[in-house]
Amino acid sequence: MTLNPYRRLYDRSAAFRRFIRGLKNDAVRRATGAALRYVGRRPLDEALALGERCGLLAYRLLRRPRRLALRHLEIALGDSLPPSAREHLARMAFVNAARSFCELARIDEIRARADRYFEVEGLEHAEALRARGGGAVVVTGHVGNWELLAAYWAWRGFPIAAVAREVQDPGLNELLVDIRRGQGVETILRESPSSVRQILRALRSNALLALLVDQDTKVQSVSVPFFGRPARTPVAAAALALRRDLPVLVAFIERRAGGGHRIRIEPPIAFAASGDAAADITTLTRRFS
């Protein structure tokens, strides 16, 4: 069988691969920018309805991500849910992602109606830590619209910095960083050589350091149970809390059936260090999961 000559060139030439990736990244960046501008001109309710339709369409068309979602739900939930229920969850995950994108496009409108758009439980825990001073760690996961969760803290006057992985495409990364900055959220990229200085500066300003800990991102990690199975989990949140003696809050955002979001902030995690740093980091990371 004769290989496509372009495929041969792609396999053999790193320069050609970089060129093709650049074309793809540029196309994605342009398409994302155009979609944000289009959605941004629609009222929020119309934008969310559009997001739902796009999410359902993406679930039908994107076969590989759909298969991965269903397989992961099968691994995590096993026989506790029938296949039809797992398929519903996977489909709604696609819908949530599309709605979240539309909410970013309409984030200024959401900010203007935040008192009605959000229901918050446990804000007093964060208020108490702000009064205490010295900063804190906020742990969450890729649940709901986590970008809105970070923005909400900033809207309530909390200095907040999100410690995040750099998106592979520089244009999309810059777009996300700009959106966060516009809402008062600082982005600290883990890959940046100045990340440590940024973290220390944020703590000196009494900031909340937000970290998402539910993905294996090829950073320093330990294996802890996740849905009953060992999973490589980043240790940065636990290590930072233990080394700097910082309190830790766990917070989540979830969609309400009638629209908007519900934010839950748990009381600070109580933890007594044993003196064995490695063991303590593993134990605390397990608590987070």
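Procedures and definitions
- Residues numbered from 1 in each chain as written.
- Predicted model: local features only at pLDDT ≥ 70, side-chain atom pairs only at ≥ 80, totals over all residues.
- Heavy atoms only, no water.
- Helix = DSSP H or I, 4+ residues; strand = E, 2+ residues; numbered from the N terminus.
- Buried < 20%, exposed > 50% of the residue type's maximum accessible area, 1.4 Å probe, protein only.
- Patch = residues over 30% accessible without salt bridge, like charges linked within 9 Å, V, L, I, M, F, W, Y side chains within 5 Å.
- Areas by Shrake-Rupley, 256 points an atom, 1.4 Å probe, with all protein chains shown as cover.
- Salt bridge = Lys/Arg side-chain N within 4 Å of Asp/Glu carboxyl O.
- Phe/Tyr/Trp six-rings, centres within 6.5 Å; stacked < 30°, edge-to-face > 60°.
- Lys NZ or Arg CZ within 6 Å of the ring centre and 35° of its normal.
- Core = buried A, V, L, I, M, F, W, Y, C linked by side-chain atoms within 4.5 Å.
- Contact = heavy atoms within 4.5 Å.
- Pairing = 2+ DSSP bridges.
- Expected span 1.5 Å × (residues − 1).
- Arc of directions from axis to C-beta.
- Polar contact = N/O pair within 3.5 Å; in protein donor to acceptor, adjacent residues only side chain to side chain.
- Axes fitted to C-alpha atoms, helices over the stretch in contact; angles between N-to-C directions.

Note that glycine 122 resides in the loop between strand 1 (118-121) and helix 8 (123-132). Separated by 129 residues in sequence, glycine 122 and alanine 251 place their C-alpha atoms 9.1 Å apart.

Next up on the list: helix 9 (residues 146-155). Most of helix 9 is tucked away, with 9 of its 10 residues classed as buried. Considered for burial, the residues of helix 9 that qualify are Glu147, Leu148, Leu149, Ala150, Ala151, Tyr152, Trp153, Ala154 and Trp155. Note on helix 9: the residue one or two positions beyond its end, glycine 157, has a positive phi of about 90°.

Next up on the list: a nonpolar patch on the surface. Residues Leu57, Leu61 and Leu62 make up a contiguous nonpolar surface patch of roughly 290 Å² in combined accessible area. Structurally, leucine 61 can be placed in helix 3 (residues 44-61).

Moving on to the packing of aromatic side chains. Each aromatic ring pair is described using two quantities: the centre-to-centre distance and the angle formed by the ring planes. Per the stated rule, a full pass over the model turns up 6 aromatic pairs. Between the aromatic rings of tyrosine 117 and phenylalanine 118, the centroid separation amounts to 5.6 Å while the plane-to-plane angle is 80°, which identifies the pairing as edge-to-face. Residue tyrosine 117 shares its accessibility class with phenylalanine 118, and that shared class is buried. These aromatic residues form a ring-pair network of at least three members: Tyr117, Phe118, Tyr152 and Trp155. One Lys or Arg, arginine 130, reaches over the ring of phenylalanine 158 and ends 3.8 Å from the middle of that ring.

Another point: the nonpolar core. Membership of the largest hydrophobic core comes to 33 residues, with the highest contact counts inside it found for Phe118, Leu148, Trp153, Trp155 and Ile160. Looking at this core element by element, the count peaks at 8 residues for helix 9. For isoleucine 160, the contacting residues outside a window of four places in its chain are Ala150, Trp153, Ala154, Gly184, Val185, Glu186, Ala207, Leu208 and Ala210. Counting residues in each nonpolar core, the second largest holds 26 residues, with Val213, Ala241, Leu246 and Ile281 among its members.

Summarising burial for strand 3 (residues 160-164): 5 of the 5 residues are buried, a large majority. Taking every second residue as pointing to the same face, both faces of strand 3 are buried, with Ile160, Ala162 and Ala164 on one and Ala161 and Val163 on the other. Pairing between strand 3 and strand 4 (residues 185-189): 5 bridges, direction parallel. Its bridge partner lying in strand 4, alanine 162 is registered against threonine 187.

Before going further, it helps to examine helix 13 (residues 277-288). For helix 13, with 12 residues, the first-to-last C-alpha span of 16 Å sits near the 16 Å given by 1.5 Å per residue. Turning to helix 13, its buried residues are Asp280, Ile281, Leu284, Thr285 and Phe288. Along helix 13, the residues classed as buried sweep out an arc of 130° about the axis, all on the same side. Of the surrounding secondary structure, the elements contacted by the buried residues of helix 13 are strand 2 (136-140), strand 6 (221-226), strand 7 (229-234), helix 12 (236-244) and strand 8 (248-255).

What follows covers the side chain of arginine 180. Along the chain, arginine 180 turns up in helix 10 (residues 170-182). In this structure the side chain of arginine 180 is engaged in a polar contact, spanning 2.8 Å, whose partner is the side chain of glutamate 147. Beyond its immediate chain neighbours, meaning those up to four positions away, arginine 180 contacts Glu147, Ala164, Val185 and Thr187.

Below, the discussion takes up the sheet that holds strand 4. Sheets are built from strands paired through backbone hydrogen bonds, the pairs being either parallel or antiparallel. Spatially, 7 strands are ordered 1-9-8-2-5-3-4 in an open sheet, and the strand pairing comes out mixed. Single-partner strands in this sheet number two, and they are strand 1 and strand 4. Averaged over all neighbouring strand pairs, the angle between strand axes comes to 25°, with direction disregarded. In the sheet, strand 2 pairs with strand 5 (residues 208-212) via 5 bridges, with the strands oriented parallel. Bridge pairing in strand 5 links threonine 140 to leucine 212. Lying on the sheet, helix 8 is in contact with strand 1, strand 2, strand 8 and strand 9 (261-265); it crosses strand 8 at an angle near 145°. Most of the contacts of helix 10 go to strand 4, to which it runs at about 145°, and overall it touches strand 3 and strand 4.

Attention shifts here to the pattern of salt bridges. Two side chains with opposite charge may pair up if their charged atoms get near one another. For the coordinates displayed, the defined rule picks out 16 salt bridges. Between glutamate 109 and arginine 113 there is a salt bridge; the shortest N-O distance is 3.3 Å. Residue glutamate 109 is classed as partly exposed on the basis of its relative accessible area, which comes to 24%. In this structure arginine 113 comes out as partly exposed when scored by relative accessible area, which is 22%. Among the ionic pairs, arginine 181 bridges to aspartate 178, the shortest N-O distance being 2.6 Å. Taken together, the residues arginine 181 and aspartate 178, both in helix 10 and 3 residues apart, mark about one turn of the helix. Residue class for arginine 181 comes out exposed when judged on its relative accessible area of 53%.

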